[in-house]
Amino acid sequence: MKLSDGIEQAIHCMTMLASLQEGSTLSAAALAEFHGVSPSYLLKHLQALSTAGLVGTVPGPKGGYRLGRAADEITLLDIVIAVEGPQPAFRCNEIRQRGLNPLPARYFDKPCGIAAAMLAAERAYRSELSKTSIADLINDLTATDDGGIAARGCAFLDINERKAAR
């Protein structure tokens, strides 16, 4: 299974947005700059996250993106579904019923073993992704960071965070 680069970008952006102060935002351009990715490609994924309600948007020159709900309520599965869509990675097209000399329909009452195995793997994959939240990722990073990662992020936010008006 191969996920798009947008998944990695979306997850990293979500963890950064989780670090914002209440009511603050970050622009798509700032997120793209920090992660060294294409702003137009990232914007496409931020829009998908927004449509799914995972990020909120604030319009205008001082606007930007922020989490749409609490970090502990957003799972990796939520992000994958928002960016890649809800369809399973494997889609059975029943090719066993095509080709030369096809068999009668009675041979195809149940899904084939290939489809059953692939769908079982999909369920396991989705189950694992649903167990990890953005808050979990941040907690894991906090536990292992010697301060360098936090310092880099804080320095960037000091310059780019668009703070809510008080």
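In this report, we go over the structure that sits alongside the text. (Residues numbered from 1 in each chain as written. Predicted model: local features only at pLDDT ≥ 70, side-chain atom pairs only at ≥ 80, totals over all residues. Heavy atoms only, no water.)

**Points about the overall build of the protein**
Item 1. The number of helices and strands found in the protein is seven helices and two strands.
Item 2. Walking the protein from its N terminus toward its C terminus, one meets helices and strands in the order α-α-α-β-β-α-α-α-α.
Item 3. The C-alpha radius of gyration computed for the protein amounts to 21 Å, which surpasses the reference 15 Å derived for 166 residues by more than 25%, pointing to a less compact arrangement than a globule.
Item 4. In terms of principal-axis extent, the alpha carbons of the protein reach across some 70 × 35 × 25 Å.
Item 5. A burial count over the protein gives 33% of its 166 residues as buried.
Item 6. Contacts in the protein between residues at least 24 apart in sequence constitute 72% of all its contacts with a sequence separation of at least 6.
Item 7. Of the roughly 10300 Å² of accessible surface on the protein, a fraction of 56% belongs to carbon and sulfur atoms.
Item 8. For the protein, the distance from the average position of its 17 positive side-chain charges to the average position of its 18 negative side-chain charges is 9 Å. (Helix = DSSP H or I, 4+ residues; strand = E, 2+ residues; numbered from the N terminus. Rg over C-alpha atoms; globule rule 2.2 N^0.38 Å. Buried < 20%, exposed > 50% of the residue type's maximum accessible area, 1.4 Å probe, protein only. Contact = heavy atoms within 4.5 Å. Areas by Shrake-Rupley, 256 points an atom, 1.4 Å probe, with all protein chains shown as cover. Lys, Arg positive; Asp, Glu negative; His and termini not counted. Charge placed at Lys NZ, Arg CZ, Asp CG, Glu CD.)

**What to know about a negative patch on the surface**
Item 1. On the surface, a cluster of negative charge is contributed by Asp72, Glu73, Asp136 and Asp140.
Item 2. Topologically, Asp136 is positioned in helix α6 (residues 134-144).
Item 3. Exposure remark for Asp136: the relative accessible area of 31% places this residue in the partly exposed category. (Patch = residues over 30% accessible without salt bridge, like charges linked within 9 Å, V, L, I, M, F, W, Y side chains within 5 Å. Salt bridge = Lys/Arg side-chain N within 4 Å of Asp/Glu carboxyl O.)

**Digging into the side chain of Thr15**
Item 1. Mapping Thr15 onto the fold places it in helix α1 (residues 5-17).
Item 2. Beyond its immediate sequence surroundings of up to four residues, Thr15 is in contact with Ile134, Leu137 and Ile138.

**Details of the pattern of salt bridges**
Item 1. Taken as a whole and assessed by the stated rule, the structure comprises four salt bridges.
Item 2. A salt bridge links Glu94 to Arg96, with the shortest nitrogen-to-oxygen separation between them at 2.7 Å.
Item 3. Glu128 is the partner of Lys131 in a salt bridge, and the nearest nitrogen-oxygen pair spans 2.9 Å.

**Digging into the packing of α1 against helix α3 (residues 39-51)**
Item 1. Taken N-terminus to C-terminus, the directions of α1 and α3 make an angle of 70°; their axes are 10 Å apart at the nearest point. Relative to α3, α1 is oriented roughly perpendicular. Where α1 crosses over α3, the two elements pack in a sense that is right-handed. Of α3, the residues touching α1 (which contributes Asp5, Gly6, Gln9, Ala10, Cys13 and Met14) are Tyr41, Leu42, His45 and Leu49.
Item 2. When grouped by side-chain class, the residues that make up the contact of α1 with α3 number six nonpolar, three polar and one charged. (Axes fitted to C-alpha atoms, helices over the stretch in contact; angles between N-to-C directions. Parallel < 35°, antiparallel > 145°, perpendicular 65-115°, else oblique. Left-handed = near helix turned anticlockwise from the far one by under 90°. Nonpolar A, V, L, I, M, F, W, Y, C, P; charged D, E, K, R; others polar.)

**Quick look at the packing of aromatic side chains**
Item 1. Evaluation of the coordinates by the stated rule reveals one aromatic pair.
Item 2. With a centroid separation of 4.7 Å and 50° between ring planes, the pair formed by Phe34 and Phe156 is classed as tilted. In this pair, Phe34 is assigned in helix α2 (residues 28-35) and Phe156 in helix α7 (residues 148-160), connecting sequence segments 122 residues apart.
Item 3. Here Arg152 stacks its cationic end above the ring of Phe34, 4.0 Å away from the centre of that ring. (Phe/Tyr/Trp six-rings, centres within 6.5 Å; stacked < 30°, edge-to-face > 60°. Lys NZ or Arg CZ within 6 Å of the ring centre and 35° of its normal.)

**Focus on the nonpolar core**
Item 1. In terms of nonpolar packing, the biggest core is built from 34 residues, with Met14, Leu17, Leu26, Leu31, Leu49 and Ile79 touching the most fellow members.
Item 2. Those elements giving two or more residues to this core turn out to be α1, α2, α3, β2 (64-67), α4 (76-84), α6 and α7.
Item 3. Per-element tally for this core: the top contributor is α1, with seven residues.
Item 4. Those residues in contact with Leu49, other than ones at most four positions away along the chain, are Ala10, Met14, Leu54, Val55, Ile79, Ala82 and Val83. (Core = buried A, V, L, I, M, F, W, Y, C linked by side-chain atoms within 4.5 Å.)

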